[in-house]
Amino acid sequence: MIYFIAAWCIVSIVSWLIGTALIISLRADCFDRMGDRIIVSLWLGLVLLADSLLLLSLILPLSPIVGLAFAIGISLLLICWAPIRDELQHLWRIKSLAVVVAIASWAVLVAAYMTTQVTWFDTGLYHFGLTRWLSEFGTVPGLALVLNNLGFTSSWFALTAPLSIESVASRVHAVTNGWVALLATCHGFLTLWYWVTGKARVTDKFMLIFLVLVLPGLTVTPFLSAIVTSSSPDVPIIFLTGVVAWSILTTTNSPSSRSEQSRTHLWGASLIPLLLAVGAVSIKLSALPLLPIALLFYGQQPFLDYRRLLFGGLLSLLLLSPLMIVSIVTSGCPLYPSSVLCVNVPWRVSAAVAHRAVEVIRFWDHNFGEVPPGANRFFWQLWEWLKFARFNAIMLLLLLLSMGFAIPTLRSARKQKIDSTSWLLCCSLIGMVFIMLRAPMIRFGLGYFMMTPAITISILGTAYFAKSNWQFPRYFSGPNVRGYLSKSFFVGLGLIAVLILFQPDIQARLFLPPAMPSTAVESKQSYDVQYVQPVNDSVKCWDAPIPCTHNELNIRLRHPSRGLRAGFVPAETAY
């Protein structure tokens, strides 16, 4: 727990500095409340930090020392900028001891949840292995030849790598997802506070409802909770889906946004959703539906401008270049596992390997076998999919409900003069269709499936309560009562955190979580490449030494004198 909280403090400081510098340069006055400003700065800084580390992995291993040096260098550079120092001074002037204690107490509770043993399948298959490659060697040419999953590039693993000290790496692999869970839940408490104190805007209502819908599914069900307590990039994508939508609403619906001139400039506040969407795509390609929506939203502020579309497209391409360059280095294909635009490099994966990787993603083509004679292919596969997992029926229901409530939600939003609702509805619909066609599993698209219900409840609910003249009970209305409630909440949170620390199982992981599972391996060799392979028909390497793969390899070292760092080539490739 202590390790996690210490790492979260470092990530928070660096992310806030990067994000705040960007917010200031964009003149994003639409984020006029300090709480909103801090949240969006942390998210922006996080995705840009992860992308920067991914780019850095091309020249250096992402060891803890390299990561710390990079963080210190960036932080010192940004602190030298006067507007950043002014922002720091403003934060210091408005600081609240009660809020600090509450955040610290909540961090303890989140750390207690996140420090359970990592058991997620993909962690043992390749997540942990890929993080170790980045930490020890950086981006390695031809890494996908060892295991095709190692060619799946994600900036999330680049962020995780320097936070994992080698001696304890198998214990702290969930540290980045823990930070995201802390940030998302703190955002939820902030929006709840706005609502209780009568300061809530439609943006706060949307985000609170979105988190209320998403968090129970992530924490209560064993399947999704195992993903949360890992380094899976699915988790930040789920939250970023909601954050991108929230930023779109905030950009156009805050009191200052209607008169804000920076929205009309190329370098203005409407870039924020696009930057967040690009960062999400760098984390995982399941975020692709966010990108065209954010780009078109930026291009039409305040009216359709092809200059803005061109600038936004070029900026997106620039920020996605680390992802594509790293993919070329590891597999030879910028959009791996797709073979589109592959380049002719010595370590390029074969068409058969790329095809097998694509087949894993193409859910409908290989999960249900052959269609029985005489059966309708669509309805037969749909029925088999519904029986495949209990969440699938919920996904189908949410899709149908979202389509049914889209028009009433849009009409009510226009009556209430809530802008940009159509962008959220389109994003949700496109995201749901994308997930249903490519990989219809709830962990890939939970954010898309909860977006329309969240905006629908926040808008139609507001209209309903306005008609019924519903208000908070009188005993909530007085400022003194609300002050007592907030103080009671903070004190209660602190007491719960202290009591949890006295639990025996929590004390056992007070400093470090338990190690992830291990597996027996046997030594193998392919020409001059020595590697290990799991025994007993296991495909998971867990914390086994690298290189580790369940495949039988037929590869060589690219430059034997330089070892693993120089990468791999197929055995038939000449030196």
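Residues numbered from 1 in each chain as written. Predicted model: local features only at pLDDT ≥ 70, side-chain atom pairs only at ≥ 80, totals over all residues. Heavy atoms only, no water.

Teacher, can you tell me more about the environment of Ala 174 here?
Structurally, Ala 174 is set in the loop between helix 7 (155-160) and helix 8 (175-196). Looking at Ala 174, the relative accessible area reads 1%, which means it is buried. Sequence separation between Ala 174 and Pro 513 is 339 residues, and the spatial gap between their C-alpha atoms is 9.5 Å. Setting aside anything within four residues of it in sequence, one finds Ala 174 in contact with Phe 4, Met 114, Val 118, Thr 229, Ser 230 and Ser 231. (Helix = DSSP H or I, 4+ residues; strand = E, 2+ residues; numbered from the N terminus. Buried < 20%, exposed > 50% of the residue type's maximum accessible area, 1.4 Å probe, protein only. Contact = heavy atoms within 4.5 Å.)

Would you mind showing me how to read unusual backbone geometry here?
Glycine aside, the phi torsion of most residues is negative, and most peptide linkages are trans. Between Tyr 336 and Pro 337 the backbone carries a cis peptide bond, its omega angle lying at 15 degrees. As for its position among the elements, Pro 337 is in the loop between helix 14 (306-331) and helix 15 (351-361). Note that the residue after Ile 546, namely Pro 547, is joined by a cis bond; omega there is 0 degrees. By the element assignment, Pro 547 lies in the loop between strand 2 (529-534) and strand 3 (555-557). Even without a glycine there, the phi angle at Arg 27 is positive, about 55 degrees. With respect to the secondary-structure elements, Arg 27 resides in the loop between helix 1 (2-26) and helix 2 (34-56). In this structure Arg 27 comes out as exposed when scored by relative accessible area, which is 60%.

Is there a simple way to think about the state of the cysteines in this case?
In a disulfide, the sulfur atoms of two cysteines are held together by a covalent bond. Going through the model one piece at a time under the given rule, you end up with 2 disulfides. Here the chain pairs its bonded cysteines, counted in sequence order, in the arrangement 1-2, 3-4. For the unlinked cysteine Cys 30, the closest cysteine sulfur is that of Cys 427, found at 18 Å. The cysteine Cys 426 is free of any disulfide, with Cys 427 supplying the nearest cysteine sulfur at 8.7 Å. The partly exposed category is assigned to Cys 426, whose relative accessible area is 40%. (Disulfide = S-S within 2.5 Å.)

Before we go on, may I ask you to explain a nonpolar patch on the surface in this structure?
On the surface, Leu 400, Met 403, Leu 429, Val 433 and Leu 437 cluster together into a nonpolar patch covering about 480 Å² of accessible area. Of all the secondary structure elements, the ones that give two or more residues to the nonpolar patch are helix 18 (390-415) and helix 19 (421-438). Here the nonpolar patch takes 3 residues from helix 19, the largest share from any one element. By the element assignment, Leu 437 lies in helix 19. When its relative accessible area of 61% is taken as the criterion, Leu 437 is described as exposed. (Patch = residues over 30% accessible without salt bridge, like charges linked within 9 Å, V, L, I, M, F, W, Y side chains within 5 Å. Areas by Shrake-Rupley, 256 points an atom, 1.4 Å probe, with all protein chains shown as cover. Salt bridge = Lys/Arg side-chain N within 4 Å of Asp/Glu carboxyl O.)

I tried to follow the packing of helix 12 (residues 271-283) against helix 14 on my own but got confused; where do I start?
Describing two packed helices takes the angle between their axes plus the distance from one axis to the other. Contact pair helix 12 / helix 14: the axes reach a minimum separation of 10 Å and the direction vectors enclose 30 degrees. It follows that helix 12 is roughly parallel to helix 14 by the angle criterion. Relative to helix 14, the crossing made by helix 12 is right-handed. Across from Leu 271, Leu 274, Leu 275, Val 278, Val 281 and Ser 282 in helix 12, the residues of helix 14 making contact are Phe 311, Gly 312, Leu 315, Ser 316, Leu 319, Leu 320 and Leu 323. Residue composition of the contact of helix 12 with helix 14, grouped by class: 10 nonpolar, 3 polar and no charged. (Axes fitted to C-alpha atoms, helices over the stretch in contact; angles between N-to-C directions. Parallel < 35°, antiparallel > 145°, perpendicular 65-115°, else oblique. Left-handed = near helix turned anticlockwise from the far one by under 90°. Nonpolar A, V, L, I, M, F, W, Y, C, P; charged D, E, K, R; others polar.)

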